[in-house]
Amino acid sequence: MRNITGQAVIGEDLYGRESELELLWEKLEQGEHVLMLAPRRVGKTSLMLELRREPRENWDVFYVDVEGTEDSADCLAAIVAALAKNPEYRRGIEKIPFAKAAVDTLKSTFSFSEVSVSTEKLRIELKRAIGRDWKRTADELLERLESLPDPGRNLLIILDEFPILVSRMLKTPEGKHDVELLLSGLRRWRQSPQMRGKVCTLIGGSIGLEGILRRFALSGLINDLAPFHLDSWNRDVAVKFLEELGDSYDFRMDERAVSQILDLLSDPVPYHLQLFFSTLRQFCNGDPSRVSESAIERCFTERLAGPGGTPHLDHYAARLEIMLDADEREAAHDILNHACRRREGARISDIEKLTRRGESVFLSALRNLESDGYVRRDGSYVCFRSNLLREWWRKNRSEGMEP
């Protein structure tokens with residue numbers, strides 16, 4: 001088993017998700033369309049890529065990352081580009097009465113070397129060809145998908161980071177109207193009688209789609225999706241992971257060291273465990289005899305929770321810009337800035353009095369922070385789920401706050 005800290009992991013490197021994979025396939029084989037709800041860095045994309053890497057018998061799985069797309073036409077172009085990379089599906093897609101430019105794009109792109117064609121390049125060319133006529137193209141693709149895949153086969157289309165696309169679109173002048181059209185189009189796909197039992201969709205993201213749509217009264221357009229919650233590992237799985245990873249790298253830690261690491265993290269987010277292991281191994285020059293209580297504490301305090309941890313944790317701050325409007329973002333910062341002072345968090349009523357943002361804005365921000373894995377409620381208190389994120393936020397983001 002390799003300790004991969006920069007990319008999604010699949011195959012033998014994907015650890016402790018056997019039951020989640022089994023449950024996902026169970027839902028899909030029942031014909032359900034899935035909304036995967038997962039906080040950042042718990043392994044959402046890895047799970048999606050594993051579905052593609054090792055599909056069930058008679059399933060064709062296409063993974064589409066729409067984080068970098070800008071609008072509905074871009075999203076549709078990304079889906080078509082992914083399908084067109086497969087010769088069997090491309091033959092069906094080319095029969096669609098696309099605009100002539102889109103057909104020419106497909107034929108010219110694959111007329112030379114199919115292997116050398118990147119999905120990203122094809123997406124850009126298709127978006128240009130589809131243009132503003134994406135709704136007609138989407139309807140025509142739906143008609144074609146009703147006769148695809150071949151009899152006896154099933155198709156799964158995975159849309160990763162879809163909430164980021166939706167959030168980006170909602171910030172444009174016609175955002176709500178455009179998002180409503182996109183969501184309605186995808187809903188027609190899911191509810192088509194001809195596609196039932198043949199074509200499934202899995203929509204996922206590291207920020208909550210429900211929270212974004214709630215502000216614009218669009219939640220009803222995704223209420224047919226079956227929720228699938230993916231969370232951090234439990235402590236037992238985290239312990240076994242560190243033990244097996246230690247064996248793989250000849251860096252086995254004793255029970256006390258493993259317990260200290262998990263206590264410091266508090267929330268065993270897979271990526272955070274991978275980072276801790278990598279940092280500690282480097283700190284000790286690969287020598288497990290140099291692991292000590294002091295070494296573990298210093299790795300946590302000085303490296304992971306210090307400025308060195310910013311490249312790995314700053315996305316938590318950046319995500320607030322995407323998922324919240326200005327008022328909710330300010331309220332969220334107030335919540336996090338107060339909760340980070342102490343490990344047990346802060347009293348909810350005290351924070352609410354200090355924010356002066358209004359009860360509805362405060363509660364909406366708190367609900368979003370909970371659903372996206374930043375904080376949890378503990379009685380009348382709100383506290384960080386991750387002690388690593390708490391320490392990093394206290395040191396690097398809560399400017400002007402008293403300790």
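Asks: So what about the state of the cysteines? Which residues, and what values?
Replies: Here a disulfide denotes a covalent bond joining the sulfur atom of one cysteine to the sulfur atom of another. By the definition in use, this model includes zero disulfides. Its sulfur unpaired, Cys340 is 12 Å from the next cysteine sulfur, which belongs to Cys383. Judged by relative accessible area, which is 3%, Cys383 ranks as buried.

Asks: Give a detailed account of the packing of aromatic side chains, specifying residues and quantitative values.
Replies: For any pair of aromatic rings, geometry is given as the distance between the ring centres together with the angle between the planes. By the definition in use, this model includes 10 aromatic pairs. Ring geometry for Trp392 against Trp393: centres 6.3 Å apart, planes inclined by 70 degrees, an arrangement best described as edge-to-face. Sitting over the ring of Trp393, Arg397 keeps its end group 5.7 Å from the ring centre.

Asks: Explain the pairing of strand β4 (residues 199-205) to me, and be specific about the residues and the numbers.
Replies: Side chains on a regular strand alternate between the two faces of the sheet. For β4, the buried fraction is high: seven of the seven residues fall into the buried class. Side chains Val199, Thr201, Ile203 and Gly205 project from β4 onto one buried face, and the interleaved Cys200, Leu202 and Gly204 project onto a second face that is buried too. Sheet topology places strand β1 (residues 34-37) next to β4; four bridges connect them, and they run parallel. Within β4, the position partnered with Met36 by the bridge is Gly204.

Asks: Describe the pattern of salt bridges, listing the residues and the values that go with them.
Replies: Should their charged atoms come close, side chains of opposite charge can pair. In total, this model carries 31 salt bridges according to the counting rule given. Between Lys44 and Glu161 there is a salt bridge, with its nearest N and O atoms 3.5 Å apart. Placement of the pair is Lys44 in helix α2 (residues 44-53) and Glu161 in the loop between β3 (154-160) and α8 (162-170), with a sequence separation of 117 residues. Note on accessibility: Lys44 and Glu161 belong to one class, buried. The network of salt bridges with shared partners includes Glu70, Asp71, Asp74, Arg123 and Lys127.

About the criteria used
- Residues numbered from 1 in each chain as written.
- Predicted model: local features only at pLDDT ≥ 70, side-chain atom pairs only at ≥ 80, totals over all residues.
- Heavy atoms only, no water.
- Disulfide = S-S within 2.5 Å.
- Buried < 20%, exposed > 50% of the residue type's maximum accessible area, 1.4 Å probe, protein only.
- Phe/Tyr/Trp six-rings, centres within 6.5 Å; stacked < 30°, edge-to-face > 60°.
- Lys NZ or Arg CZ within 6 Å of the ring centre and 35° of its normal.
- Helix = DSSP H or I, 4+ residues; strand = E, 2+ residues; numbered from the N terminus.
- Pairing = 2+ DSSP bridges.
- Salt bridge = Lys/Arg side-chain N within 4 Å of Asp/Glu carboxyl O.

So far we have only geometry, and geometry alone does not tell us how the molecule works.
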